[in-house]
Amino acid sequence: QKEVEQNSGPLSVPEGAIASLNCTYSDRGSQSFFWYRQYSGKSPELIMFIYSNGDKEDGRFTAQLNKASQYVSLLIRDSQPSDSATYLCAVSRDTGRRALTFGSGTRLQVQP
Amino acid sequence: SQTIHQWPATLVQPVGSPLSLECTVEGTSNPNLYWYRQAAGRGLQLLFYSVGIGQISSEVPQNLSASRPQDRQFILSSKKLLLSDSGFYLCAWRTRQTSTEAFFGQGTRLTVV
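Rules and cut-offs
- Residues numbered from 1 in each chain as written.
- Chains lettered and ligands numbered in written order.
- Predicted model: local features only at pLDDT ≥ 70, side-chain atom pairs only at ≥ 80, totals over all residues.
- Heavy atoms only, no water.
- Disulfide = S-S within 2.5 Å.
- Helix = DSSP H or I, 4+ residues; strand = E, 2+ residues; numbered from the N terminus.
- Pairing = 2+ DSSP bridges.
- Axes fitted to C-alpha atoms, helices over the stretch in contact; angles between N-to-C directions.

Turning next to the state of the cysteines. As used in these notes, a disulfide is a covalent bond between sulfur atoms, one from each of two cysteines. Residues and elements named next belong to chain A. Using the criterion set out here, one finds two disulfides over all chains in the structure. Through a disulfide, Cys 23 is tied to Cys 89; the S-S separation comes to 2.0 Å. The sign of the -75 degrees torsion about the S-S bond sets the Cys 23-Cys 89 disulfide as left-handed. Of this pair, Cys 23 sits in strand S3 (residues 19–25) while Cys 89 sits in strand S9 (residues 85–92); the two residues are 66 residues apart in sequence, bridging distant segments of the chain.

The next subject is the sheet that holds S3 of chain A. Residues and elements named next belong to chain A. The five strands lie next to each other as S1-S3-S8-S7-S6, forming an open sheet whose pairing is antiparallel. In this open sheet, the two edge strands, each paired with only one partner strand, are strand S1 (4–5) and strand S6 (54–58). When S6 meets strand S7 (residues 61–66), the two strands line up antiparallel, connected through five bridges. Pairing of Asp 58 across the sheet is with Phe 61, part of S7.

We now examine the sheet that holds strand S7 (residues 64–70) of chain B. All names here are of chain B. In space, the four strands of this open sheet follow the order S1-S3-S8-S7, with antiparallel pairing throughout. Lying at the two open borders of the sheet, with one neighbouring strand each, are strand S1 (3–7) and S7. Each strand axis lies, on average, 15 degrees off the axis of its neighbour in the sheet, ignoring direction. Across six bridges, strand S3 (residues 19–26) lies against strand S8 (residues 73–78) in antiparallel orientation.

The following block contains the structure:
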């Protein structure tokens with residue numbers, strides 16, 4: 001079992017729709033959770049960071065965390081073609097090395 | 001504000017040649033530093049991390065090494081590159097405080113030929 005699992009996609013949504021990206025993780029000691037956006041050939045860009053159960057909203061993005069279910073999701077409202085990218089989910093403990101463990105990413109395609 | 005610099009952006013090296021990639025962080029002190037590698041179409045694999053000057057931990061056995069000669073400088077090296085070392089190398093930093101973000105540099109695309 002992978003430590004962080006994501007559906008590889010591609011997830012295709014029409015412009016203006018809500019894109020829903022999901023991630024599950026196996027380490028119950030995980031305390032910090034991240035969503036990165038990565039365009040082809042570029043480095044990952046942090047778009048959401050969450051560490052408490054519940055929802056966190058930032059503009060068109062909402063991250064949802066459920067530690068009991070070991071599940072974290074990202075909602076993108078009013079999806080734009082510029083949102084087309086690979087979205088990486090990552091988790092970390094907040095002790096020791098505090099390194100991030102990544103999923104393989106979900107490729108999102110927003111159709112104009 | 002904090003920034004992270006990584007260079008070079010791209011590199012083509014022959015098999016058996018040495019490697020040195022450098023990463024520096026500005027605007028913060030005593031960060032945790034990380035080297036990741038991303039193979040084509042794959043996720044990010046942690047290679048090394050450092051919690052302080054001269055303190056390096058290796059996550060994956062390989063022919064790469066890392067050093068941290070200064071607080072905000074992190075170097076990835078190899079004495080002899082292999083074809084399998086090709087990939088996208090990313091440096092990242094994170095503060096020592098709990099529950100904080102992690103940020104990546106621009107990355108180095110390494111092709112070993």
